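Next come the chains, spelled out residue by residue.
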Amino acid sequence: MPNTAGSPVGLHRVLEPAGVLPQAARKLDASPELWPDEVRISVERLNLDAASYRQLAEAHHGDGEAVKQAVLGIVAERGKMQNPVTGSGGMLVGVVEEVGPESPLGVQKGDRVATLVSLTLTPLQITDGLARWDGRGEQVPAEGHAILFARSIVAKLPDDLVPELSLAVMDVCGAPALTARVVAHYVDKGTKPVVSVIGGAGKSGSLSLAAARRAGAAKTIGIVPVEAEKTKLEAAGLADQVALADARDPVALAQAVEAAGGPADITVVCVDVPGCEHGAVLSTAAGGTVIFFSMATSFSAAALGAEGLAADVTMLVGNGYVPGHADYAMDLLRSERGVRELFEGRLAAEGQD
């Protein structure tokens, strides 16, 4: 082990290249032996982030077995789950197996928990060959172990929700918390904003719509790509207006948002496909804010696109962490009927695939 043993951010687990943080590392040491401030989790289920799973599924033409082998290969090679194309990972749920004597995380052996840090920086070993996963959904039943550092974030799973539902919510809990914070800033300054959520029927999108309304948005607009999602989002009642648009078509997206009551003061990008940056900027009012939550976002395209459009917008990167984000998202799930219906419908659909 390197001399950086015991680093609260996990530097002692980096195998290569030297001197980088675990997220940027090509390979991590995922051995089960603990340093004093670490925690070992017995893995029950992984949740691959949407952009990563979509890329893998498309690259392997929907062949579930090939997707499974790709995930196993990534974890075996890198000691973590980090899609080499998208750079993203996901999160996991499991049971605390061992707690180092100096760990500050506040968990105990036997606690069922969800990690609120990305799999891209979490040392991970899979021991069952993903035998219970068919490769056709983002949630991955798995056996193995994962390591948390002193600066990791973890939450105990609530007793009133099935683990699959908790995992789905916690995977995206940073999105509604940051959306609420940005909307509240507008409201505090005397402006109730129009909020457009691109990908409003998805996990992070539905939570962000609910958060925007609760925080005081004047109007919420949900943007979806197909009629089936429009029907679901309208039934959920989370958006004042629901519009159809391909977010990769900047002009069509801007026109759809304007017809629904825009341009938006705040645009929240929650889709898991690349190429949505210019449309998000074009459909946002001058002086507005764009929040990018999608891991498919090209931030150079966003910045250069805004420059090329002479767009005076503030662009924020949703980093997945806001204090209290897990509790906030869980409260939205429990209190907003439409959010829960969309989440449970998504899980049921994945179970039938």
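Quick look at the structure, then. (Residues numbered from 1 in each chain as written. Predicted model: local features only at pLDDT ≥ 70, side-chain atom pairs only at ≥ 80, totals over all residues. Heavy atoms only, no water.)

## Section: the overall build of the protein
Our working definition: Strands here mean DSSP runs of E at least two residues long; helices mean DSSP runs of H or I at least four residues long; both are numbered from the N terminus. With a 1.4 Å probe rolled over the protein chains alone, any residue whose accessible area is under 20% of its type maximum counts as buried; one over 50% counts as exposed, and the rest are partly exposed. Here a residue-residue contact requires only that any non-hydrogen atoms of the pair lie within 4.5 Å. To measure how exposed things are, a 1.4 Å probe is used in the Shrake-Rupley method; for residues, cover is taken only from the protein chains shown. As used throughout, the charge tally considers Lys and Arg to be positive and Asp and Glu to be negative, leaving His and the chain termini uncounted. We put the charge of a Lys on NZ, of an Arg on CZ, of an Asp on CG and of a Glu on CD.
Scanning the protein for helices and strands turns up eleven helices and 14 strands. Along the three orthogonal principal directions, the C-alpha set of the protein runs to about 55 × 40 × 35 Å. When burial is assessed residue by residue, the protein has 54% of its 353 residues classed as buried. For the protein, long-range pairs separated by at least 24 residues make up 70% of all intrachain contacts whose partners lie at least 6 apart in sequence. With the model as given, the accessible surface of the protein reaches about 14800 Å², and the carbon-plus-sulfur share is 51%. For the protein, the distance from the average position of its 29 positive side-chain charges to the average position of its 43 negative side-chain charges is 2 Å.

## Focus on helix H2 (residues 64-78)
Keep this limit in mind: Each helix should span, by expectation, one fewer than its residue count multiplied by 1.5 Å. In protein, a polar contact means a hydrogen-donor-capable atom and an acceptor-capable atom, both N or O and within 3.5 Å, with residues adjacent in sequence counting only if both atoms are side-chain atoms; elsewhere, any N or O pair within 3.5 Å suffices.
An ideal rise of 1.5 Å per residue puts 21 Å on 15 residues; H2 measures up with 21 Å between its terminal C-alpha atoms. Every buried residue of H2 is listed here: Gly64, Val67, Lys68, Ala70, Val71, Leu72, Ile74, Val75 and Arg78. Summarising the contacts, the buried residues of H2 are in contact with strand S2 (27-28), strand S3 (39-48), helix H1 (50-59) and strand S6 (124-126). Measuring from the side-chain oxygen of the N-cap residue of H2 to the backbone nitrogen of Glu65 gives 3.1 Å; that N-cap residue is Asp63.

## Overview of the packing of aromatic side chains
To keep it simple, the criterion reads: Classification of ring pairs uses Phe, Tyr and Trp, with its six-membered ring standing for Trp, and accepts pairs whose centres are within 6.5 Å; under 30 degrees between planes counts as stacked, over 60 as edge-to-face, and the remaining range as tilted.
On inspection of all chains with the given rule, the structure shows one aromatic pair. Between Phe292 and Phe299, the aromatic rings sit 6.2 Å apart at their centres with planes inclined by 85°, giving edge-to-face as the arrangement. You can call Phe292 buried: its relative accessible area is 2%. On the accessibility criterion, Phe299 (36% relative accessible area) is partly exposed.

## Observations regarding the packing of helix H5 (residues 203-215) against helix H10 (residues 325-335)
The test is simple: Fitted lines through C-alpha atoms give the axes, limited to the stretch in contact for helices. The angle between two N-to-C directions lies from 0 to 180 degrees. By definition in this entry, angles of less than 35 degrees are roughly parallel, angles greater than 145 are roughly antiparallel, angles of 65 to 115 are roughly perpendicular, and the rest are oblique. Throughout, the ten residues Ala, Val, Leu, Ile, Met, Phe, Trp, Tyr, Cys and Pro are labelled nonpolar, Asp, Glu, Lys and Arg are labelled charged, and all others, Gly among them, are labelled polar.
Where H5 meets H10, the closest approach of the two axes is 10 Å, and the angle between their N-to-C directions is 90°. In terms of orientation, H5 lies roughly perpendicular with respect to H10. Across the interface between the two elements, Leu207, Ala210, Ala211 and Arg214 from H5 touch Tyr328, Ala329, Asp331, Leu332 and Ser335 from H10. Of the residues in the contact of H5 with H10, the class split is six nonpolar, one polar and two charged.

## As for the environment of Glu229
Considering the arrangement of structural elements, one finds Glu229 in helix H6 (residues 227-236). Spatially, the C-alpha atom of Glu229 lies 21 Å from that of Val194, the residues being 35 residues apart in sequence.

## Considering unusual backbone geometry
Omega for the peptide link from Glu16 to Pro17 comes to -10°, which places this bond in the cis form. Structurally, Pro17 is set in the loop between strand S1 (14-16) and S2. Of note, the amide linkage connecting Gly262 to Pro263 takes the cis form, showing an omega dihedral of 5°. With respect to the secondary-structure elements, Pro263 resides in the loop between helix H7 (250-259) and strand S12 (264-269). In the Ramachandran plot, His61 falls in the positive-phi region, its phi being about 55° despite a non-glycine side chain. Considering the arrangement of structural elements, one finds His61 in the loop between H1 and H2. Judged by its relative accessible area of 75%, His61 falls in the exposed class. Backbone geometry places Ala310, a non-glycine residue, at a positive phi of 50°. Topologically, Ala310 is positioned in the loop between helix H9 (299-308) and strand S14 (314-317). Its relative accessible area of 71% is what places Ala310 among the exposed residues.

## Regarding the sheet that holds strand S13 (residues 284-292)
Here is the rule we go by: Here, a strand pair is defined by DSSP locating no fewer than two bridges between the strands.
What the six strands build is an open sheet, ordered S11-S10-S9-S12-S13-S14; its pairing is parallel. Edge positions in the sheet fall to strand S11 (241-244) and S14, since each has one partner strand and no second. Averaged over all neighbouring strand pairs, the angle between strand axes comes to 20°, with direction disregarded. Examined bridge by bridge, S13 and S14 share four bridges and lie parallel to one another. The residue bridging Ile291 from the neighbouring strand is Leu316, located in S14. Across the sheet, H6 touches strand S10 (219-224) and S11, and the angle it forms with S11 is around 175°. Sheet strands in contact with H7 are strand S9 (194-198), S10, S11 and S12, and its direction is about 145° off that of S10.

Nothing here speaks to function; it is all geometry.
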